[in-house]
Amino acid sequence: MSEYNNFNTNEALDWDSEISAESSFTLLPEGEYPFTVITFERGYHNGSQKLPPCHKAELKIEIDGGEKGKVTVNHNLFVHRKCEGLLCEFFLSIGQKKHGEPLKMNWPAVPGTTGRCKVGIREYNGNQYNEIKKFLEPAAPTGQTKFTAGNF
């Protein structure tokens, strides 16, 4: 984490406060990276053309780009049946869900979990930012092959 993250970002400063946390911005190239969920907060989506009002999980996720550096992104997961596949993808990625088994989502256990994700780049107001395009399943243990129906 950057030096900036060692400070309380919710702390108001006085006019004569001492400051030292210089800003540095890293843009990772598109690719697959390991991540750690830093925080989870409960939020609410007021609705849009694509999705009616529903709860949302507001995640702060640190993506480890190795030598390229670490990037923290905000990612929302909408708690709605239309987004059930995306929720399953996330919980599979962090190891809480198993294929073919239902899962009662355990949100308090999400901070600190790790997984892998596909990272992309989006442009907003002329600036580029990293975003999570997809959460990836954990790799199968070495020596085991993944079962595919119809293959013998």
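Please refer to the structure higher up on the page.
Presented here is a report on the structure given in the accompanying data block. (Residues numbered from 1 in each chain as written. Predicted model: local features only at pLDDT ≥ 70, side-chain atom pairs only at ≥ 80, totals over all residues. Heavy atoms only, no water.)

## Some remarks on the overall build of the protein chain
Here is step 1: The secondary structure content of the protein chain amounts to one helix and five strands.
Here is step 2: Secondary structure elements of the protein chain, listed N to C terminal, follow the sequence β-β-β-α-β-β.
Here is step 3: In the protein chain, which comprises 152 residues, the share counted as buried stands at 26%.
Here is step 4: In the protein chain, of all internal contacts separated by at least 6 residues, the share reaching a separation of at least 24 is 48%.
Here is step 5: Within the structure as shown, the protein chain displays about 11,300 Å² of accessible surface, and the carbon and sulfur contribution to it stands at 49%. (Helix = DSSP H or I, 4+ residues; strand = E, 2+ residues; numbered from the N terminus. Buried < 20%, exposed > 50% of the residue type's maximum accessible area, 1.4 Å probe, protein only. Contact = heavy atoms within 4.5 Å. Areas by Shrake-Rupley, 256 points an atom, 1.4 Å probe, with all protein chains shown as cover.)

## Some words on the sheet that holds strand S2 (residues 54–64)
Here is step 1: Spatial ordering of the open sheet is given by S3-S2-S1-S4-S5, a layout of five strands whose pairing is antiparallel. The open sheet terminates on both sides in strands that have one partner only, identified here as strand S3 (70–79) and strand S5 (127–136). Averaged over all adjacent pairs, the angle separating strand axes in this sheet is 40°, with direction ignored.
Here is step 2: Alignment of strand S4 (residues 114–124) against S5, held across nine bridges, turns out to be antiparallel. Bridge pairing in S5 links glutamate 123 to glutamine 128. (Pairing = 2+ DSSP bridges. Axes fitted to C-alpha atoms, helices over the stretch in contact; angles between N-to-C directions.)

## A word on the nonpolar core
Here is step 1: Counting residues in hydrophobic clusters, the biggest one holds 22 residues, and the most contacted among them are Leu59, Ile61, Ile63, Phe90 and Trp107.
Here is step 2: The set of elements that each furnish at least two residues to this core consists of strand S1 (31–45), S2, S3, helix H1 (84–93), S4 and S5.
Here is step 3: Filtering out sequence-adjacent residues up to four positions away, isoleucine 61 remains in contact with Phe35, Thr36, Val37, Ile38, Val71, Thr72, Val73, His75, Ile132 and Phe135. (Core = buried A, V, L, I, M, F, W, Y, C linked by side-chain atoms within 4.5 Å.)

## A word on the state of the cysteines
Here is step 1: All chains considered together, the criterion is met by zero disulfides.
Here is step 2: Its sulfur unpaired, cysteine 83 is 6.4 Å from the next cysteine sulfur, which belongs to cysteine 54. (Disulfide = S-S within 2.5 Å.)

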